[in-house]
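Chains, contacts and geometry: an overview
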Amino acid sequence: MLRFDWIPEKMCPEELTEGRENVWFYEMWDALWKRGLTSYSTELESAIVKARAVTIHLLLSEFDYHVHGRVGEDHRPLETDLLTVKEAKMLHRHFSPNAALSKHAELTDLLSPAIEALRTEVVGVFIDEFGMTKWTALTYFLFDMPNDPGPDGRSPMTIEEFDERYWDYLQKGWIQKLRNAKHGKSEGAKRAIRWVRQGCPRVNPSYAF
């Protein structure tokens, strides 16, 4: 049976098409690709891969929430255009086969069972790929660099800039930098680091953070 891959350009949500979130989405998607988790050969498998992309989007939004205490006003991750209502219903039946399915269910309600299952899988992949401490450090590094220009310290970053600064960061004491963030004055850093170390539990049951 032929198998296909969803490429990151198709899966990256519109809200993440620039800046650090876009760069980190690509890194996370590459970790899934290495494990065959971006491939599909059936309609259901295709929907599951798309739901993994939505899960990454959700995790990035939640990390942003923990660091900065806010999320974007123009979108919510589960209100996505990556998945159709038909696909969302398919996922609901697959991940929650014994639950009643209302004809008037919102997209968020339809997707919640799939996202709840897949976020455990996706978080496990990233811990396996990077290790818990390094993943925490790199994620925090991307979201909060106080030396960056811009009103909130988070300037956009190209892929080339990321490659240069990412490897530089890995080679120059990222463990100490994470320790400094953890013990510094940033409550956002402390909340975000604690959340990652707990396995990235969802912000609240409705995902409406």
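Residues numbered from 1 in each chain as written. Predicted model: local features only at pLDDT ≥ 70, side-chain atom pairs only at ≥ 80, totals over all residues. Heavy atoms only, no water.

1. Re the overall build of the protein
The following threshold applies: Working definition: helices are DSSP H or I runs of at least four residues, strands are E runs of at least two. Numbering for both runs from the N terminus. For every residue, the accessible area (1.4 Å probe, protein chains only) is compared with the maximum for its type, and the residue is labelled buried under 20%, exposed over 50%, or partly exposed between those bounds. Whether two residues are in contact is decided by their heavy atoms, any of which lying within 4.5 Å being enough.
Tallying secondary structure elements over the protein gives nine helices and two strands in all. Taken from N to C terminus, the helices and strands of the protein fall in the order β-α-α-β-α-α-α-α-α-α-α. Burial status across the protein gives 48% buried among its 209 residues. Contacts in the protein between residues far apart in sequence, at least 24 positions, make up 73% of those at least 6 positions apart.

2. Quick notes on the side chain of Glu-87
Relative to the helices and strands, Glu-87 is located in helix H4 (residues 85–95). Glu-87 sits in the buried class, given a relative accessible area of 9%. Once you skip the residues sitting within four places of it in the chain, Glu-87 turns out to touch Ala-47, Lys-50 and Leu-82.

3. So, helix H5 (residues 107–130)
Heads up, the condition is: Multiplying one less than the number of residues by 1.5 Å gives the expected span of a helix. For a residue, the bend is simply the angle between two axes, fitted respectively to the seven-residue segment ending there and the seven-residue segment starting there.
In a regular helix each residue adds 1.5 Å, so 24 residues correspond to 34 Å; H5 covers 32 Å between its end C-alpha atoms and thus fits that length. Taken as a whole, H5 carries its principal kink of about 35° at Pro-113. Of the residues trailing H5, Gly-131 is marked for its positive phi of about 85°.

4. Comments concerning the packing of aromatic side chains
Keep this limit in mind: Aromatic pairs are defined between Phe, Tyr and Trp rings, using the six-membered ring for Trp, whenever the two ring centres lie within 6.5 Å; interplanar angles under 30 degrees are classed as stacked, those over 60 as edge-to-face, and all others as tilted.
Tallied over the full model, the rule gives five aromatic pairs. Where Trp-6 meets Tyr-40, the ring centres are 5.4 Å apart and the plane angle is 20°; that geometry is what we call stacked. You can see Trp-6 sitting in the loop between strand E1 (4–5) and helix H1 (8–11) and its partner Tyr-40 sitting in strand E2 (residues 39–40), a full 34 residues away along the chain. The buried category is assigned to Tyr-40, whose relative accessible area is 17%. Measuring from centroid to centroid gives 5.9 Å for Phe-25 and Trp-29, while their planes differ by 10°, and the two rings are stacked.

5. Topic: the confidence of the model for the protein
The following threshold applies: Predictor confidence is given residue by residue as pLDDT, running from a minimum of 0 to a maximum of 100.
Averaged over every residue, the pLDDT of the protein is 78; the share at 70 or more is 70%. Averaged over each element, pLDDT in the protein is lowest for helix H7 (residues 159–171) (63) and highest for E2 (95).

6. Things to note about the packing of helix H3 (residues 43–68) against helix H9 (residues 187–197)
The packing of two helices is summarised by the inter-axis angle and the distance between the axes. Threshold: Orientation is described by lines fitted to C-alpha atoms, with helices fitted over the stretch in contact, and by angles between N-to-C directions that extend from 0 to 180 degrees. Oblique is the label for any angle not covered by the other classes, which are roughly parallel (under 35 degrees), roughly antiparallel (over 145) and roughly perpendicular (65 to 115).
Running from amino to carboxyl end, H3 crosses H9 at an angle of 140°, the nearest separation of the two axes being 7 Å. When the axes of H3 and H9 are compared, the pair comes out oblique. For the pair H3 and H9, the contacting residues are Leu-59, Glu-62, Phe-63, His-66 and Val-67 in the first and Gly-188, Arg-191, Ala-192, Trp-195 and Val-196 in the second.

7. What to know about the side chain of Glu-62
Where we set the bar: Residues adjacent in sequence count toward polar contacts only when both atoms are side-chain atoms; beyond that, a polar contact is any pair of N or O atoms within 3.5 Å, and within protein one must be able to donate a hydrogen and the other to accept it.
Relative to the assigned elements, Glu-62 resides in helix H3. Here Glu-62 falls in the buried class, since its relative accessible area comes to 0%. Polar contacts involving the side chain of Glu-62 include one to the side chain of Arg-119, which spans 2.8 Å.

8. Overview of unusual backbone geometry
For Cys-200, which is not glycine, the phi dihedral falls at a positive 60°. Position of Cys-200 relative to the elements: it lies in the segment after H9. The class of Cys-200 is buried, set by a relative accessible area of 2%.

9. Considering the environment of Glu-121
Relative to the helices and strands, Glu-121 resides in helix H5. Look at Glu-121 and you get partly exposed, because its relative accessible area is 28%. Between the C-alpha atoms of Glu-121 and Leu-32, which are 89 residues apart in sequence, the distance is 9.9 Å. The contacts of Glu-121, once residues within four sequence positions are left out, are Leu-37 and Arg-52.

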